[in-house]
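# Remarks on the overall topology
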Amino acid sequence: MLKSLNIENIAVIEKADIELSAGLNVLTGETGAGKSIVVDSINAVLGERTSRELVRHGADAAFVSALFDDIGDEVKDKLEELDFPVDDELLITRRITSQGKSSCRINGVPCTVSLLHEIGTLLVNIHGQHDSQALLNPDVHYHFIDMLGVQGLAEYRKAFSELRSVRKRLKALTLDVDERDRQLELLNYEINELTAADIKTGERDALKNRRNMIHHSQTVTDALNHILEAVNGDDDTSGVQTLLAAAVREAAAVSTVDSELQTLYNRLSDLTDAVESIKDITEAKLASTDFSEAELEQIEARLDMYYRFSNKYGDTEEEMLAYLDNAVARRDAIVNSDEELEKLNAAYDTAYENAMQAAEALSQSRREVARDLEYKVKQELQFLDMPKIEFITQFTQGNLSAMGYDKIEFLISTNPGEPPKPLSKIASGGELSRIMLAIKKVIAAHDSVGTLIFDEIDTGVSGKASRKIGYSLKGVSEYAQVVCVTHSAQIASLADNHLLISKRFENDRTYTSVTSLDYEARKQELARIMGGLEITDSLLHSAEELLSGN
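We now turn to the structure provided with this report. Nothing here was measured: the structure is a model prediction, and the numbers come from that model. (Residues numbered from 1 in each chain as written. Predicted model: local features only at pLDDT ≥ 70, side-chain atom pairs only at ≥ 80, totals over all residues. Heavy atoms only, no water.)

### Some points on the packing of aromatic side chains
- Under the defined criterion, the tally for this structure stands at 6 aromatic pairs.
- On the basis of an interplanar angle of 45° and a centroid distance of 6.0 Å, the ring pair of phenylalanine 144 and phenylalanine 410 is categorised as tilted. Of the two residues, phenylalanine 144 sits in helix α5 (residues 141-146) while phenylalanine 410 sits in strand β10 (residues 404-413), which places them 266 residues apart along the sequence. Here phenylalanine 144 matches phenylalanine 410 in class, with each residue buried.
- Note on phenylalanine 391 and phenylalanine 410: the rings are 5.1 Å apart at their centroids and 40° apart in plane angle, and the pair reads as tilted. Placement of phenylalanine 391 in strand β9 (residues 390-401) and of phenylalanine 410 in strand β10 is noted, with a sequence separation of 19 residues between them. (Phe/Tyr/Trp six-rings, centres within 6.5 Å; stacked < 30°, edge-to-face > 60°. Helix = DSSP H or I, 4+ residues; strand = E, 2+ residues; numbered from the N terminus. Buried < 20%, exposed > 50% of the residue type's maximum accessible area, 1.4 Å probe, protein only.)

### Details of helix α20 (residues 537-548)
- The terminal C-alpha atoms of α20, which comprises 12 residues, lie 16 Å apart, in line with the 16 Å expected from a rise of 1.5 Å per residue.
- Listing the buried residues of α20 in full gives Leu539, Leu540, Ala543, Leu546 and Leu547. Buried residues of α20 fall within an arc of 115° about the axis and therefore sit on the same side. In this structure, α20 carries Asp537, Ser538 and Ser548 as exposed residues pointing more than 90 degrees from its buried face. (Expected span 1.5 Å × (residues − 1). Arc of directions from axis to C-beta.)

### Quick notes on the sheet that holds strand β6 (residues 102-106)
- The sheet built from 6 strands is open, its strands ordered β2-β1-β4-β5-β6-β7 with antiparallel pairing. Only two strands of the sheet have a single partner each, and these edge strands are β2 (13-19) and β7 (109-111). Averaged over all pairs of adjacent strands, the angle between their axes in this sheet comes to 15°, without regard to strand direction.
- Across 3 bridges, β6 lies against β7 in antiparallel orientation. In the sheet register, isoleucine 106 faces β7, and the bridge partner there is valine 109.
- Where helix α1 (residues 35-45) meets the sheet, it contacts β1 (2-10), β2, β4 (61-68) and β5 (90-97), and its direction lies at approximately 105° from that of β1.
- The strands touched by helix α3 (residues 113-123) are β4, β5, β6 and β7; relative to β5, the strand with the most contacts, the crossing angle is about 135°. (Pairing = 2+ DSSP bridges. Axes fitted to C-alpha atoms, helices over the stretch in contact; angles between N-to-C directions. Contact = heavy atoms within 4.5 Å.)

### Concerning the sheet that holds β9
- Read from one edge to the other, the open sheet built from 3 strands follows the order β9-β10-β11, with strand pairing classed as antiparallel. Two strands in the sheet have a free side with no partner beyond their single neighbour: β9 and β11 (421-422).
- Contacting β9 and β10, helix α6 (residues 153-173) crosses the sheet at an angle of about 30° to β9.
- Helix α14 (residues 337-383) rests against β9 and β10 of the sheet, and its axis sits at about 170° to β9.

### Considerations on the packing of helix α2 (residues 73-81) against α3
- In the contact formed by α2 and α3, the axes pass within 9 Å of each other and the chain directions differ by 170°. Taken as axis vectors, α2 and α3 run roughly antiparallel relative to one another. Considering only the axes of α2 and α3, their crossing is right-handed. Every residue of α3 that contacts α2 at Glu74, Val75, Lys78 and Leu79 is listed here: Glu118, Ile119, Leu122 and Leu123.
- Of the residues assigned to the contact of α2 with α3, the class counts are 5 nonpolar, no polar and 3 charged. (Parallel < 35°, antiparallel > 145°, perpendicular 65-115°, else oblique. Left-handed = near helix turned anticlockwise from the far one by under 90°. Nonpolar A, V, L, I, M, F, W, Y, C, P; charged D, E, K, R; others polar.)

### Structural notes on the pattern of salt bridges
- The full count for this structure, using the stated rule, is 22 salt bridges.
- Across the pair aspartate 198 and lysine 200 runs a salt bridge, and its minimum N-O distance is 2.6 Å.
- By relative accessible area, which is 43% here, aspartate 198 ends up partly exposed.
- Of the residues examined, lysine 200 reaches a relative accessible area of 43% and is grouped as partly exposed.
- Several salt bridges share partner residues, and in doing so they unite Lys78, Glu81 and Glu118 into one network. (Salt bridge = Lys/Arg side-chain N within 4 Å of Asp/Glu carboxyl O.)

### Describing the side chain of glutamate 317
- For glutamate 317, the position within the fold is in helix α13 (residues 317-335).
- The side chain of glutamate 317 sits in the buried core without any salt bridge; arginine 204 is the nearest counter-charge, 4.3 Å away.
- Discounting chain neighbours no more than four positions away, the residues touching glutamate 317 are Ile199, Lys200, Thr201, Gly202, Glu203, Arg204, Asp205 and Tyr306. (Lys, Arg positive; Asp, Glu negative; His and termini not counted.)

### Here we look at the environment of glutamate 179
- Structurally, the position occupied by glutamate 179 is in helix α7 (residues 177-197).
- Given the relative accessible area of 24%, glutamate 179 is considered partly exposed.
- C-alpha separation for the pair glutamate 179 and tyrosine 471, spaced 292 residues apart in sequence, amounts to 67 Å.

### Focus: the nonpolar core
- Counting 45 residues, the largest nonpolar core has Phe68, Leu90, Ile92, Ile106 and Leu123 as its most contacted members.
- Looking at this core, the element that brings in the most residues is α1, giving 6 residues.
- With residues near it in sequence (within four places) discarded, isoleucine 106 still touches Leu79, Phe84, Pro85, Leu90, Leu91, Ile92, Cys111, Leu115, Leu116 and Ile119.
- Grouped together as the second largest cluster of nonpolar side chains are 38 residues, Phe144, Ile145, Val150 and Phe395 included. (Core = buried A, V, L, I, M, F, W, Y, C linked by side-chain atoms within 4.5 Å.)

### Here's the deal with the environment of phenylalanine 410
- Residue classification places phenylalanine 410 among the buried positions, given a relative accessible area of 0%.
- Measuring from C-alpha to C-alpha, the distance between phenylalanine 410 and glutamate 374 comes to 9.4 Å, with 36 residues separating the pair along the chain.

### Notes on a negative patch on the surface
- Judged by side-chain charge, Asp270, Asp273, Glu276, Asp280 and Glu283 come together as a negatively charged surface patch.
- In this structure, glutamate 276 sits in helix α11 (residues 259-288). (Patch = residues over 30% accessible without salt bridge, like charges linked within 9 Å, V, L, I, M, F, W, Y side chains within 5 Å. Areas by Shrake-Rupley, 256 points an atom, 1.4 Å probe, with all protein chains shown as cover. Charge placed at Lys NZ, Arg CZ, Asp CG, Glu CD.)

### Some points on the state of the cysteines
- The full count for this structure, using the stated rule, is 0 disulfides.
- Just so you know, cysteine 104 is unpaired, no disulfide at all, and the nearest cysteine sulfur is the one on cysteine 111, 5.1 Å from it.
- Taking relative accessible area as the criterion, cysteine 111 reaches 13% and is therefore assigned buried. (Disulfide = S-S within 2.5 Å.)

Structure (structure tokens):
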């Protein structure tokens with residue numbers, strides 16, 4: 001629920017801190033005091049469209065923050081989905097500059113206005129005399145029925161998801177002939193090119209090493225020849241191998257004298273073997289340094305091919321080979337598509353039949369729930385002094401969608417003998433608010449939105465009807481927090497928390513304040529609402545009677 005609201009520099013409100021409670025919260029005040037500005041501020045912090053005209057004259061920016069506590073699982077799930085911090089409390093803020101720029105935060109994290117609005121719709125529903133769009137939009141009427149616990153919705157969604165999956169695969173397979181031929185031509189070209197290239201894993205690195213060796217071949221050859229010369233010696237100088245052989249003979253002659261000389265002999269013998277191995281490696285490497293210009297050209301051509309392929313098929317040889325496997329599979333799928341198409345058509349028929357059966361079961365459940373909703377809403381409307389009204393749920397069958405095939409619209413007839421018509425063609429603003437209140441009363445226990453705001457729902461109704469509206473609001477407040485802006489003493493007297501919005505004038509400026517009223521202050525305010533100019537003892541007594549009847 002909405003725990004507190006902080007408003008700064010919104011229209012005539014310089015600063016206001018509003019504390020709200022559970023149950024029924026009522027806002028009253030003289031006309032023009034700023035009641036609608038409070039609602040505008042709530043709209044702003046919920047992500048509704050605003051303008052720079054909302055910023056108080058002379059201020060650089062306006063600011064609104066709203067603190068919610070006991071937020072439901074649906075809100076928490078949405079916050080997690082959008083990667084915002086999640087806690088039992090939720091703080092949302094919005095700043096609007098005098099240039100019209102806006103910045104928003106959710107639990108301290110910056111966000112866009114659209115994300116703020118997405119979260120806001122889960123937190124608060126606002127219903128005003130001219131603000132019952134949900135009732136005027138038939139596309140969302142099914143939602144009111146589904147909230148009452150229809151059967152088969154999960155089963156239908158599963159069946160429809162399978163239908164969409166098969167339809168997507170079928171659509172991808174049933175390409176037009178020209179597109180199919182183009183894809184086959186491209187795939188065959190890629191497959192032939194990759195197959196002819198005979199790509200081998202690790203070949204590119206090996207080629208780079210060989211090219212590097214060739215580029216440094218003269219230096220390498222000279223070094224290897226010097227190594228062999230040092231090992232073999234020449235006509236003038238004995239090499240390492242000759243000198244080491246002489247040392248081995250000398251050590252062998254005395255190796256039996258003691259153990260240390262035997263160790264010396266063994267190590268010299270090991271060195272002889274090591275030098276022989278070095279000589280073999282050097283001679284082999286020297287032999288492999290032979291190359292031709294033709295070999296270098298072949299290496300460069302092969303590396304150039306790998307470079308071109310890396311731009312088309314993947315950075316590594318593994319990715320290129322994987323691309324080849326995938327291209328072959330795609331080509332085979334297209335070539336064998338006639339058989340696959342037949343299978344998918346059969347699968348689509350089955351999925352469609354299953355979805356239609358699930359949609360029919362869902363529709364039947366909705367019709368049963370709708371009959372109960374009609375009966376209960378009419379009872380509520382009769383209680384709200386709309387005794388002649390007919391409230392009907394009209395079902396027509398449309399195309400399958402994520403929510404079934406039902407097209408649902410609420411129809412009303414306000415006068416006996418008149419055929420029911422859409423709400424937008426008959427209901428006035430005040431009637432819409434009462435119809436919405438009646439629906440909310442029926443579905444309150446199932447509604448996940450924690451705060452409902454009704455803006456001047458009592459417009460155009462009598463004192464008796466206002467009292468009944470108050471009782472209905474009180475009933476709804478047992479399940480959700482209710483905030484009501486009203487001019488009715490009958491409604492205001494039922495409040496759990498009564499807030500007075502008043503304005504004063506200082507230095508040619510208008511200032512609005514919001515005050516929570518105690519019992520005595522509430523009597524004064526109720527008397528003012530009932531009596532107008534002068535508060536008499538009789539009005540105070542009537543106000544006390546209203547409060548005592550709460």
